[in-house]
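One-letter residues, chain by chain:
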Amino acid sequence: MQVTGLFIYPFKSARGIALPQAHIDAMGLSGDRRMMLVDPSGHFITQRELPELARLTALPAAAYLTLRLEDGREMMVAPPQPEDRMDVAIWRSIVSAAVAHESVNAKLSDWFGRPVKLVFIDGESRREASAEWAGEGSPMAFADGYQVLVTTSGSLRALNEDMERHGEGSVGMDRFRPNIVVDCDEPFAEDGWTGLEIGGIRFDFVKPCPRCIMTTQDQQTGSREGANPMPAMGRLRMSADRRVPGPLFGWNAVPRGEGLLRVGDAVTVLGSREAWAIKGR
């Protein structure tokens with residue numbers, strides 16, 4: 001097996017960026033989900049409630065950040081001042097984040113037709129993944145729950161085959177917003193893996209990923225009118241374990257080292273366990 005895709009999402013819920021290589025450390029892939037939109041109270045905003053985020057590209061650089069909408073609107077964003085901060089909420093996490101200049105927030109509010117603020121993870125921010133699943137002291141940025149999401153080509157192929165049998169079309173891997181895509185012929189083999197080694201780095205598989213309405217959205221337009229993988233996931237991938245209910249696709253992984261990952265890197269399964277319980281399997 002080998003790595004066939006590496007992706008980061010610098011701006012949470014905006015467009016992903018495919019990379020030929022990526023640095024990995026305890027927080028995940030370098031630059032992944034380091035900024036996000038929040039409402040005035042500090043609650044995080046995603047494509048779930050703002051599908052138009054799928055039209056936004058964020059291009060970080062050393063001196064400034066470029067934000068670009070599909071319609072051509074663009075702005076340069078200077079790094080935030082560390083003293084300009086607010087507490088923000090991501091699910092059950094409360095995190096101190098740096099806040100962009102008010103002129104940036106005013107323009108983003110105009111772009112999206114509602115009051116929003118742009119916030120950043122920085123050196124003063126502290127957030128950890130669930131100790132129950134990831135272990136103590138597992139730092140992370142603005143991802144929903146864990147540092148890295150791994151998916152496999154065989155699992156997507158099986159899902160699309162089921163969709164096509166039911167006349168539901170097919171979807172690309174971008175619907176599932178993975179960080180690492182592994183070429184594996186056996187569908188859903190990852191349900192029985194304890195983890196992987198890639199580039200000399202161990203990735204512990206800690207929790208399967210339950211899927212939501214974002215998988216129904218075109219990741220270039222935000223439209224929910226195209227192919228919908230939720231019915232197929234309902235047929236094939238409903239969790240039978242109440243700890244993680246709902247349809248599952250992909251695994252959340254925690255990196256236990258740091259280094260460089262490359263597309264084409266060999267992938268080694270580190271161990272096997274009883275596969276996660278799926279209804280009907």
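Student: In this structure, what is going on with the overall build of the protein? I would like to understand it.
Tutor: Scanning the protein from N- to C-terminus turns up four helices and 19 strands. In terms of overall size, the protein behaves like a compact globule, its C-alpha atoms giving a radius of gyration of 19 Å where 281 residues would be expected to give roughly 19 Å. Taken along the three principal axes of its C-alpha coordinates, the protein extends 55 × 40 × 35 Å. The buried share among the 281 residues of the protein stands at 52%. In the protein, the share of contacts with a sequence separation of at least 24, taken over all contacts with a separation of at least 6, comes to 70%. A total of about 12400 Å² of accessible surface is found on the protein, and carbon and sulfur atoms cover 50% of it. Of note, the protein has its 32 positive side-chain charges centred 3 Å away from the centre of its 37 negative side-chain charges.

Student: So what exactly am I meant to see when it comes to the sheet that holds strand S2 (residues 17-18) here?
Tutor: Strands belonging to one sheet form pairs held by backbone hydrogen bonds; the direction of such a pair is parallel or antiparallel. The sheet built from eight strands is open, its strands ordered S2-S1-S14-S13-S17-S16-S15-S19 with mixed pairing. The open sheet is flanked by S2 and strand S19 (267-272), the only strands paired with a single partner.

Student: When you look at the packing of aromatic side chains in this model, what are you seeing that I'm missing?
Tutor: Remark: the centre distance and the inter-plane angle together describe each pair of aromatic rings, the angle taken between the planes. Counting across every chain of the model gives seven aromatic pairs. Taking the centre distance of 4.1 Å and the plane angle of 25 degrees together, the rings of Phe 176 and Phe 249 count as stacked. Of the two residues, Phe 176 sits in the loop between helix H3 (153-165) and strand S14 (180-183) while Phe 249 sits in strand S17 (residues 248-255), which places them 73 residues apart along the sequence. Its relative accessible area of 0% is what places Phe 176 among the buried residues. Between Phe 188 and Phe 249 the ring centres are 6.4 Å apart and the planes differ by 85 degrees, which places this aromatic pair in the edge-to-face class. Of this pair, Phe 188 sits in the loop between S14 and strand S15 (193-198) while Phe 249 sits in strand S17, placing them 61 residues apart in sequence. With respect to class, Phe 188 is no different from Phe 249; both count as buried. Here the aromatic cluster, defined as three or more aromatic residues joined through ring pairs, consists of Trp 133, Trp 193, Phe 205, Trp 251 and Trp 276.

Student: What's the story with the environment of Glu 190 in this structure? I'm lost.
Tutor: Relative to the assigned elements, Glu 190 resides in the loop between S14 and S15. For Glu 190, a relative accessible area of 3% corresponds to the buried category. Sequence separation between Glu 190 and Trp 276 is 86 residues, and the spatial gap between their C-alpha atoms is 9.2 Å. If we skip the residues at most four places from it in the chain, Glu 190 touches Thr 152, Ser 155, Phe 205 and Trp 251. Within the structure, Glu 190 has its side chain in polar contact with the side chain of Ser 155 (distance 2.7 Å).

Student: Just checking my understanding: could you explain the sheet that holds strand S4 (residues 28-29) for this structure?
Tutor: Pairing is antiparallel in the open sheet, where three strands are placed in the order S4-S3-S18. Looking at strand neighbours, the two that pair on one side only are S4 and strand S18 (259-262), the edges of this open sheet. Direction of pairing for strand S3 (residues 21-25) relative to S18: antiparallel, over a ladder of four bridges. Across the sheet, Gln 21 pairs through a bridge with Arg 262, a residue of S18.

Each value, and the rule that gives it
- Residues numbered from 1 in each chain as written.
- Predicted model: local features only at pLDDT ≥ 70, side-chain atom pairs only at ≥ 80, totals over all residues.
- Heavy atoms only, no water.
- Helix = DSSP H or I, 4+ residues; strand = E, 2+ residues; numbered from the N terminus.
- Rg over C-alpha atoms; globule rule 2.2 N^0.38 Å.
- Buried < 20%, exposed > 50% of the residue type's maximum accessible area, 1.4 Å probe, protein only.
- Contact = heavy atoms within 4.5 Å.
- Areas by Shrake-Rupley, 256 points an atom, 1.4 Å probe, with all protein chains shown as cover.
- Lys, Arg positive; Asp, Glu negative; His and termini not counted.
- Charge placed at Lys NZ, Arg CZ, Asp CG, Glu CD.
- Pairing = 2+ DSSP bridges.
- Phe/Tyr/Trp six-rings, centres within 6.5 Å; stacked < 30°, edge-to-face > 60°.
- Polar contact = N/O pair within 3.5 Å; in protein donor to acceptor, adjacent residues only side chain to side chain.

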